Amino acid sequence: MDKSWMVEDRHTEKYINGVKGFIQFAFSHSAKGNTILCPCKKCLNCSWLEASHVLEHLVCEGFVNGYRRWEYHGEASSSLESGRDAHVQQFDEVEENDDLEEDCDELAGMMRDMRHDFGDLSDVEDEGDCREPTNESDPFKQLVGLATLAGVVTSGEYGCPKCHLLTCSRWLTNGKKTCYMDHRRILVRNHRFRTIDKAFFDGNVESRTAPEPLTGEEVDALTRNMETVFGKDPTGKQTIRKRKRGDPPQIFKRRSIWFRLPYWKDLLQPHNIDAMHIEKNVCDNIVNTLLGINGKTKDNTNSRRDLELFNIRTDLHPVPVGKDTFDLPPASYSMSPELKRLFCQVLKGAMFPHGYASDIRKNVHVKEKKIAGLKSHDCHVLLQQLFPLAVRKTLPEGVSAALIRVSRFFKKIYAPVIRISDMEKLEEEIAETLSILETIFLPSFFDMMVHLMVHLPLQVRLGGPVKYSNMFPIERFLCTLKGYVRTKSHPEGSIAEGYIFYECLNFCARYFERCETRISRLVRNDDPEPMSSSMPFFNGGGRYLAGKYTITLDRNAWLQAHRYVLFNYDNITPYLSKHLEYLSSTGQRNALQIDKIHHDEFHEWLRLHVAHLVDSGEKISEEIQTLAKGPLFVARTYSSYTINGYKFHTKSYDEGRPTQSSGVALVSKLSSSSNESRTYYGVITQILELDYDNKGNVVLFKCEWFDNRVQDKWVKVDKFGITHVNRKHLIHTGHKSSDAPFILASQATQVYYVEDPLAPDWLAVRQATNQRDLYDMFGMGDENSEQADGPTGHNLDPIETISIDLKDIPKTRTDIDGVLVSAKENPKKKNGKGRRVKRGGSHIREMKALKKAAGKPKKKRALEVAIPESTRVLRSQSVMHESDNEEDADNEQELEENEELGLDDQQKKKKDGRKRTRMHTVYDRGNQPPVPVSFNEKGQPNGDNASEFSNFIATLVKTHIPLGHEDWRLVPVEKKNALLTTLRKYYVVDDKLKDYVMGTSHKKWRDFKADLKKKFFKPEKTDEEILTLRVEDNRVSYDDCVWLIKFWRSEEAEKRSEQGKKNRSSQKVLHTSGSKSHARVAAKMHKEKGYAPRRDEVFVRTHISKRDETIMTAETSKVIKDIDTAIEEHPELLEKSIQQGDILSHVLGKERNGYVRCVGLGPTAGSLGIPGAQKLKSTKLQMAELEAEKAWRTNEALMDHMDYFKEDTKAQMDALMAEMAEMRSMLSQSIAGNKNFMHTSEIQPEASVGEYSTADQSIHDVDSIAQLIRKKKEAAQRLNNEAELQKRKEAELLHKKKEEALMQKNNEQDMQKKREIESKKKQEDLMQKKKEQDMQKKREADLKKKKEATVTQKNHQKGNEVILFNVYRDHTTPVAKATILATDRKKIVGGRELGTECCEVVVNYIIKRDAILPRPIGDVTTMGQAQGRTIAWLYKHLEVDKSKMKQASPPQEE
């Protein structure tokens, strides 16, 4: 059909006539009444319109772009269903070929040709991304094998073997690879994603149909005339054929040898694509991208630059920050370091049932935030079971739902029973899922292995379940063959010899009947077949594996077990009905009361009823009679039992093992008359075997059941279909006689639980689906029948499709920061034009020869041993060290900084060691109140901030305390008080913590000196060379450097060093708790167990490997065995305290002086009151202490005497003053009387002689009184003078002692200064030059600052776009991009004037969300809260955005 008119101008007559012809064609093939679909750019084939409206739209708007094939209007009616169903229909039309019985020689020749053809597989190397070597085959080499076998192209533009020439691929210019996207074309015609908003996809409407795979006849026709030469080139040359410009594309390299078979072209599925390696590669892509594994992630700078070239996803384009730096905005799948750790913690806490999967916890590194070394089956389990649990806690809801859909896709693909209808739905679902992923991940994510997921459902429809076509058995067999290799120089011969030897042993094993051989050996979870018997109920199957004991049941447990057996016996229903009728006939009308009596008394009624029937001569089955009598009270218990293809353990047997086989689930009906059921989840606590009168046995599981009585309270199902149970709420514990803690072993379905790190009380339930050696054939004959998922017939983890709205998927994350990259980074270039260097090339040999000639030492491979053989034990590894292990400076900041560095920078940083810990997070809260520190009764910090508290003490010690002292006690007290004062500005430190602070400061001070010696000091170096430590570490002063060098060279230091090495070499029992103190370990155990742990429990916890819970040394193993023995032989020690002699004291002996084992830093044996812990003192020390005590008592007595003397003197003075007052009053009266007498004598001169004598006597009395007063005053004055004289003597004596001490100190300081001056003179020449250089640099820096200040005044104008840099931490780190709004000094921003130092800016783009604002505005304290708001920022911490002047390109990665 001629369609050339479609490119003509829409107003020409040719175009209008063509449109009319199109409308006639559409009405004759796809009309719906009098309307057809309008294909204009406005309607997009979504609106049914009449012919006139369609003509108007097509003339005004034109056809939708790319609509050259009118599939919506009847030209081609192929679709996803019709095209693929045609292939399925061809399968029934294939007839048997009568020519199949050809000569076997032809087939043998074909196999020989194939063998020569496959000889090149070992030399083929993939040109994709570099991957870590594993023991398994590279997933991409499976495609290479397919290319060799089928002759198809499996890489490049037409790399999909199913889509052939219709493969949708794009070349990533920066990523240097091909991506395969546009999965919307596989969707059905009317799917909403085809015409959705262009913001979600590439901006184009998808109108193409799904590609149809080539049939065998089409492949045969395309390759029939191709010349194919099998085998290697005899000349040994390898020719690389490239397609020239203008040549047609080739999708076949050569004709497959299998087309020599006459029936090959009629096969619908001639070759399989391996689901195992597709699943592994998809899992690796997702995990590496989510965790941002450097070198493996699909989100890097090149990927972001490709987005710019495609002009899509503008929110993720690199944002220029300055001239040479770019910020990569966080995508919707990006995670912060905390979320990455949480992701890894979920996987780290998973333990699988025995035989279900390998222990992947050893591959998960939480601190490094990465997962490495996963095998194919590890990825299989991780993607299907654990991945949904991890992503739902760390990613947005829409992104989590999309990734969970991928997980469930593989779960459906691997189903043991396949329905064609399910696979048809799965084809549509995976196409929709991949389309959703295109809106989430970058184009570089979609490699060939991701694209091949689309073709897996059709392959399963044609070929059956995946387990019959995947590579798991092949890989296992290859591993077996690899194990046969003993002589690596002749691997082929070793494999052949080993295989022949294996076959001989198998042949011989068939003739050994009375011994166990590989032929007769039981499989892992063998379930013996039930024996034929008249009582089939007692042949429940299963066998015990470990822990067989005989016990006697109490009445309560016997009743509960027997009752459950009766109620779950299949033939008990008639007797149940009779008992209910009997209860109803007794007058009971309450149904609840009847049920209760029926539950409590049925077993007794049945015993009597059956006995009565037997006595009356009625025939009763032997099975009923045996059950009615009840079991014996003597029963057997087991620790491990296998049944239904599962291996079950008790909860106690699981403890200490890397597996979890005690989880169990049971689906039970709510009532006999109802079809509703409820699932119970629990943990096995006891495996019990009841003996029914030695005629039959029944095995029961006693469990702790989680409470599910109230829906969605303690057993919940989240929006993703994942079940959670609360471990703290239990039912049917067995304490009441009405409880039902037992179930039949044959009813159990195995599950396992995964702990939620954010909610430790909640557990996620996962079902173990690998029942070994059991094949459930239920429902396979009927497509519409329900599929059973195991012997129990219940699926506890239903797989349902999750619906996703694209609007719920965020384009970027606003709660985390992006990644800063530098445009100056030059990654290593590959040799040539992007090709790999061939191994063994001449240039490689030349490089190796040059390195060898240069004398560069080879790196020795580190031996992987469990016990490090070293004469020096690190301080952080010894549990018997004088000071217990405390938290060293954490390297969390360094780990987070690594995410912003390139691969080379990370390798260099790892080589150089971690950088200095500066504790900026503590210093940044200087204006906030001090933070309280939680501690235990011994004064040891054990809270969440204990590590930070210890690290900050170490930082203060290294900056506040001088190092020029031999002993900590010689450090001036003023320095220690200054450290304590500074510490109290940031933490609440009371008297109980003061001792811990001083002890920790002593340890950190001593460790700092040891680290400096290890890093800088070598005896063969000169003093000038060693003094460089002052340059590299500015925390060490020049005086301290000189003192340290002199001390390190002294004999005393050498003796101490030798003694320290000797002590460390004798330490064999090493702890494994790392930087976590014993106090913190004990606090964590207290929280887990609910009680304070004993010292022996802390010892065991801190001396086993945290990764695989193994014991590190033989000495440690012996101590732990001694502890277990002591607990068994002396259980009374469990109740004793440390002072009374607990288990650890019994095993390890008495405590040493200075510390107590497994307690932590601070407490000593003496402080804890341990008997016999006090040191023996010398006679001289005892006499000195006695003299000091006597002096102290004398001083106290003297002080008491002085106080008594003062009080007595004061009382006497008070009495004298009272007497003096009385005397004064008497004297005044006498004087007044004398005056009156004199006056009277003048008036009456003739007075009598007696009156004169009375007056004289009064005057004499007054004189006596005055004399007495003078004596009293003199006595008081004399006492005061004696007291003052005594005080002056004491003060003079004290002053004299101070002067002597000061003089002695000054003499020592003078001598020290003289020594320092003499040492300084030797270094003056060396340091003078350095000072001059520093001064020169300072002058240059000052000059530069002046110039910058001048430029700042010019550039910092209103409207300029600037970059804001960190104020409190690293000042070179950009935190945001902003625009200057005002520079007026008097303008008020945030309640303060800008002044000369700040300007007003509005934040446009945030780089670091946690950056602290220099001037907070109300509750806005961090940069993350200031998006789009105006804030004040310092001039010296901002600069003009140079990227606006000269745009730089993002860095390019090779």
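Structure first, text after, so check above.
Residues numbered from 1 in each chain as written. Predicted model: local features only at pLDDT ≥ 70, side-chain atom pairs only at ≥ 80, totals over all residues. Heavy atoms only, no water.

1. Looking at the overall build of the chain
When helices and strands are counted, the chain shows 38 helices and 34 strands. Counting only residues that meet the buried cut, the chain has 41% of its 1454 residues in that class. Contacts in the chain between residues far apart in sequence, at least 24 positions, make up 69% of those at least 6 positions apart. (Helix = DSSP H or I, 4+ residues; strand = E, 2+ residues; numbered from the N terminus. Buried < 20%, exposed > 50% of the residue type's maximum accessible area, 1.4 Å probe, protein only. Contact = heavy atoms within 4.5 Å.)

2. Notes on the sheet that holds strand β23 (residues 819-822)
Sheet architecture is open: three strands sit in the order β5-β6-β23, paired in antiparallel fashion. Both outer strands of the open sheet, β5 (319-320) and β23, are each paired with one neighbouring strand and no more. Here strand β6 (residues 325-328) runs beside β23; their pairing, made up of four bridges, is antiparallel. When the sheet's bridge partners are listed, Asp327 is paired in β23 with Leu820. (Pairing = 2+ DSSP bridges.)

3. A few points about the pattern of salt bridges
Opposite charge on two side chains lets them pair, provided their charged atoms get close. In this structure the tally under the stated criterion is 32 salt bridges. Of the charged contacts in the structure, one is a salt bridge between Arg1056 and Glu1052, with a shortest N-O distance of 3.4 Å. With Arg1056 and Glu1052 both in helix α32 (residues 1051-1065), this residue pair falls four residues apart, about one helical turn. What makes Glu1052 partly exposed here is its relative accessible area of 38%. Each of Arg170, Asp182, Glu206 and Arg208 takes part in one network of salt bridges that share partners. (Salt bridge = Lys/Arg side-chain N within 4 Å of Asp/Glu carboxyl O.)

4. Let's talk about the nonpolar core
Residues Leu290, Phe343, Leu403, Phe410, Met453 and Phe701 are the most contacted members of the largest nonpolar core, which totals 145 residues. The contacts of Phe343, once residues within four sequence positions are left out, are Leu290, Leu291, Met335, Ile371, Phe387, Ala390, Val391 and Thr394. Membership of the second largest hydrophobic core comes to 36 residues, among which are Leu956, Leu983, Ile1026 and Ala1053. (Core = buried A, V, L, I, M, F, W, Y, C linked by side-chain atoms within 4.5 Å.)

5. Points about helix α20 (residues 622-629)
Each turn of an α-helix holds 3.6 residues, which means side chains three or four residues apart point in the same direction. Every buried residue belonging to α20 is among Glu623, Ile624, Thr626, Leu627 and Ala628, and all of these are buried. Remark: Gly630 follows α20 within two positions and exhibits a positive phi of approximately 95°.

6. Here's the deal with unusual backbone geometry
A positive phi angle, near 55°, is found at Asp182, a position not held by glycine. With respect to the element layout, Asp182 can be found in the loop between β4 (177-180) and α6 (216-223). When its relative accessible area of 13% is taken as the criterion, Asp182 is described as buried. With phi around 60°, Asn311 is a residue other than glycine that occupies positive phi space. With respect to the helices and strands, the residue Asn311 is situated in the loop between α8 (301-310) and β5. Owing to a relative accessible area of 59%, Asn311 belongs among the exposed residues under this scheme.

7. Considering the pairing of strand β12 (residues 640-643)
In β12, alternate side chains face the same way, and those of Ser640 and Thr642 on one face and Tyr641 and Ile643 on the other are all buried. With three bridges connecting them, strand β9 (residues 543-546) and β12 associate as antiparallel partners. By the bridge assignment, Ala546 is partnered in β12 with Ser640. For β12 and strand β13 (residues 646-649), the ladder comprises four bridges, and the chain directions are antiparallel. Pairing of Tyr641 across the sheet is with Phe648, part of β13. In textbook terms, the turn of a hairpin is the stretch between consecutive antiparallel strands, and for β12 and β13 this stretch comprises two residues, one of which, Asn644, has a positive phi near 60°.

8. Points about the pairing of strand β26 (residues 1361-1365)
Looking down a regular strand, the side chains alternate between one sheet face and the other. Along β26, four of the five residues are buried, which leaves the element largely enclosed by surrounding structure. The sheet contact formed by β26 and strand β27 (residues 1374-1382) spans five bridges and is antiparallel. Bridging from a neighbouring strand, Ile1363 pairs with Lys1377 of β27.

9. Comments concerning a negative patch on the surface
Together, Glu1196, Asp1200, Asp1203, Glu1207 and Asp1208 give the surface a local cluster of negative charge. When you line up the elements, Asp1208 lands in helix α37 (residues 1179-1243). (Patch = residues over 30% accessible without salt bridge, like charges linked within 9 Å, V, L, I, M, F, W, Y side chains within 5 Å. Areas by Shrake-Rupley, 256 points an atom, 1.4 Å probe, with all protein chains shown as cover. Lys, Arg positive; Asp, Glu negative; His and termini not counted. Charge placed at Lys NZ, Arg CZ, Asp CG, Glu CD.)

10. With respect to the packing of aromatic side chains
Using the criterion set out here, one finds 37 aromatic pairs in the structure. Between Phe22 and Trp70, the ring centres sit 4.8 Å apart and the planes meet at 75°, which makes this aromatic pair edge-to-face. Of the two residues, Phe22 sits in helix α1 (residues 13-29) while Trp70 sits in the loop between α2 (51-60) and α3 (80-93), which places them 48 residues apart along the sequence. Each member of the pair, Phe22 as well as Trp70, carries the same accessibility label: buried. Chaining the aromatic ring pairs together yields one cluster made of Trp5, Tyr15, Phe22, Phe25, Phe63 and Trp70. (Phe/Tyr/Trp six-rings, centres within 6.5 Å; stacked < 30°, edge-to-face > 60°.)

11. Some words on the sheet that holds β13
If you walk across this open sheet you meet the three strands as β9-β12-β13, and the pairing is antiparallel. At either end of the open sheet lies a strand with only one pairing partner, and these are β9 and β13. Geometrically, the sheet is characterised by an average inter-axis angle of 30° between neighbouring strands, direction not taken into account. (Axes fitted to C-alpha atoms, helices over the stretch in contact; angles between N-to-C directions.)

12. Here's the deal with the packing of helix α7 (residues 275-291) against helix α10 (residues 376-394)
At their nearest, the axes of α7 and α10 sit 9 Å apart, and the two run at 45° to each other. Of the possible angle classes, the one that applies to α7 and α10 is oblique. Along this stretch, α7 crosses α10, giving a crossing that reads as left-handed. On α10, the residues touching Met276, Glu279, Lys280, Cys283, Asp284, Ile286, Val287 and Leu290 of α7 are Ser376, Cys379, His380, Leu382, Leu383, Gln384, Phe387 and Val391. Residue composition of the contact of α7 with α10, by class: ten nonpolar, three polar and three charged. (Parallel < 35°, antiparallel > 145°, perpendicular 65-115°, else oblique. Left-handed = near helix turned anticlockwise from the far one by under 90°. Nonpolar A, V, L, I, M, F, W, Y, C, P; charged D, E, K, R; others polar.)

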